[in-house]
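Each chain, letter by letter, is given below.
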Amino acid sequence: MSHLPINRSAWNRLAEVRSQFTKVATDEECRAPLQTLDSRGWLPSSVEGKQVLCLASGGGWQSILYASAGAQVTVVDLSNKMLQLDEQEARRRSLQVRIVETSMDDLSELHDAQFDIVHQPVSTCYVPDVEAVYREVARVLRPGGLYISQHKTPTSLQITSRDQQNQYVLGLEYYQQGALPKADDRSYREEGATEYLHRWDQLVGGLCRQGFVIEDLREPMRADPSAPVGHFRHRGRYVAPYVRMKARRVGSSTNEESPAAIWVP
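In this text the structure is predicted, and so the values were computed from the model without any measurement.

What counts, and at which threshold
Residues numbered from 1 in each chain as written. Predicted model: local features only at pLDDT ≥ 70, side-chain atom pairs only at ≥ 80, totals over all residues. Heavy atoms only, no water. Helix = DSSP H or I, 4+ residues; strand = E, 2+ residues; numbered from the N terminus. Buried < 20%, exposed > 50% of the residue type's maximum accessible area, 1.4 Å probe, protein only. Contact = heavy atoms within 4.5 Å. Areas by Shrake-Rupley, 256 points an atom, 1.4 Å probe, with all protein chains shown as cover. Lys, Arg positive; Asp, Glu negative; His and termini not counted. Charge placed at Lys NZ, Arg CZ, Asp CG, Glu CD. Polar contact = N/O pair within 3.5 Å; in protein donor to acceptor, adjacent residues only side chain to side chain. Phe/Tyr/Trp six-rings, centres within 6.5 Å; stacked < 30°, edge-to-face > 60°. pLDDT = per-residue confidence, 0-100. Axes fitted to C-alpha atoms, helices over the stretch in contact; angles between N-to-C directions. Parallel < 35°, antiparallel > 145°, perpendicular 65-115°, else oblique. Nonpolar A, V, L, I, M, F, W, Y, C, P; charged D, E, K, R; others polar. Pairing = 2+ DSSP bridges. Salt bridge = Lys/Arg side-chain N within 4 Å of Asp/Glu carboxyl O.

1. Focus on the overall build of the protein chain
Within the protein chain, the regular secondary structure consists of 9 helices and 9 strands. A burial count over the protein chain gives 51% of its 265 residues as buried. Look at the contacts in the protein chain between residues 6 or more apart in sequence, and 69% of them connect residues 24 or more apart. Just so you have it, the protein chain exposes about 13,100 Å², and 47% of that area is on carbon and sulfur atoms. Put simply, the protein chain has 31 plus and 33 minus side-chain charges, and the middle of one group is 4 Å from the middle of the other.

2. Focus: helix α6 (residues 130–140)
In terms of burial, α6 is largely enclosed, as 9 of its 11 residues are buried. Those residues of α6 that sit buried are Val130, Glu131, Ala132, Val133, Tyr134, Glu136, Val137, Ala138 and Val140. Of the surrounding secondary structure, the elements contacted by the buried residues of α6 are β1 (51–55), β4 (115–120), β5 (141–152), α8 (200–209), β8 (212–218) and β9 (242–249). Capping the start of α6, Asp129 holds a side-chain oxygen 3.1 Å from the backbone nitrogen of Glu131, two or three residues further along.

3. Let's talk about α8
Within α8, burial applies to Leu203, Gly205, Gly206 and Leu207. Considering only its buried residues, α8 is in contact with α6, β5, α7 (154–158), β8 and β9.

4. Quick word on the packing of aromatic side chains
A full pass over the atoms with the stated rule returns 7 aromatic pairs. Each ring, one from Tyr168 and one from Tyr238, has its centre 5.9 Å from the other, and the planes form 45°; the classification is tilted. A residue pair is termed long-range when its members are at least 10 positions apart, and Tyr168 in strand β7 (residues 168–170) and Tyr238 in the loop between α9 (232–235) and β9 qualify at 70 residues. With a relative accessible area of 52%, Tyr238 lands in the exposed category. Between Tyr188 and Tyr242, the ring centres sit 5.6 Å apart and the planes meet at 85°, which makes this aromatic pair edge-to-face. Here the residue Tyr188 occupies a position in the loop between β7 and α8, and Tyr242 occupies one in strand β9, the gap between them amounting to 54 residues.

5. Quick notes on the confidence of the model for the protein chain
Mean pLDDT over the protein chain stands at 93; residues scoring 70 or higher make up 93%. Confidence over residues 253–260 falls short of pLDDT 50; this stretch has 4 contacts with residues more than four positions distant or in other chains.

6. Some remarks on the packing of helix α1 (residues 3–17) against helix α5 (residues 80–92)
Where α1 contacts α5, the two axes come as close as 7 Å, and the packing angle between them is 40°. In terms of orientation, α1 and α5 fall into the oblique class. Two secondary-structure elements touch here, α1 through Arg8, Trp11, Asn12, Ala15 and Glu16 and α5 through Asn80, Lys81, Met82 and Leu85. Among the residues forming the contact of α1 with α5, the class breakdown is 4 nonpolar, 2 polar and 3 charged.

7. Notes on the sheet that holds strand β2 (residues 72–77)
What the 7 strands build is an open sheet, ordered β3-β2-β1-β4-β5-β9-β8; its pairing is mixed. The sheet terminates laterally at β3 (97–101) and β8, the two strands that pair on one side only. Sheet twist, expressed as the average angle between the axes of neighbouring strands with direction ignored, equals 15°. In the sheet, β1 pairs with β4 via 3 bridges, with the strands oriented parallel. The residue of β4 that forms the bridge with Val52 is Ile117. Contacts from α6 reach β1, β4, β5, β8 and β9, with the element oriented near 150° to β5.

8. As for the pattern of salt bridges
All told, the structure shown has 19 salt bridges when counted by the stated rule. A salt bridge links Lys152 to Glu190; the nearest nitrogen and oxygen atoms lie 2.8 Å apart. Placement of the pair is Lys152 in strand β5 and Glu190 in the loop between β7 and α8, with a sequence separation of 38 residues. The residues Lys152 and Glu190 share a single accessibility class, namely buried. The salt bridge involving Arg199 is made with Asp201; its shortest N-O contact spans 3.1 Å. Classification of Arg199 as buried rests on a relative accessible area of 16%.

The structure is reproduced here in structure tokens:
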């Protein structure tokens, strides 16, 4: 069975139970939307009138914040239930948000060079080929456009369990092929979803190969020294679960040559 219907069903269930991933934007957050979205200072000082794609980010949070900040927002998601939350919140707040139900690696409904900003939360783990996502993002972003994305780290996805000494076990090979098998440790795995491990050369190198320059890279801290064993923040003391990247689209083709040769020792 394809990963697409499996992941659509998984996220439809999460939307219905209102998990931690489906909390809509609050009134307080909407009063300072850019501050809520951008604690790192990666966004421009204003997004008024900018074309923003919230990619694989249904749920009534990111799209609502960008729209509250004056952006022209399109939100893409595979889950119709997640997108219903965006529609619901946009209507309640009298905001305009365009809804597109599709997979993150198939943006054929969107035009070339349509967006100034693409913002993607953790989601590339749900598709087998992360570079297919990057190709589509490169196509729909304008030259100089900003791509902010967050991903699960490969090491985090390699962890399958804890041993008797409460040490975390890397039970999957780094060069894992195909969908991830079920694991005892599900601290950073979504119930019922099909996930894939992407290596660093795919996550970072793949982005560069699709015509992006990485301007910043962060590992959001999920560690808490006081967290009990078994808590996701206990595991976060040993392995960074996520990587967040700020990238800029600098060319229209991955085959463009630099105007001047760069000598590398």
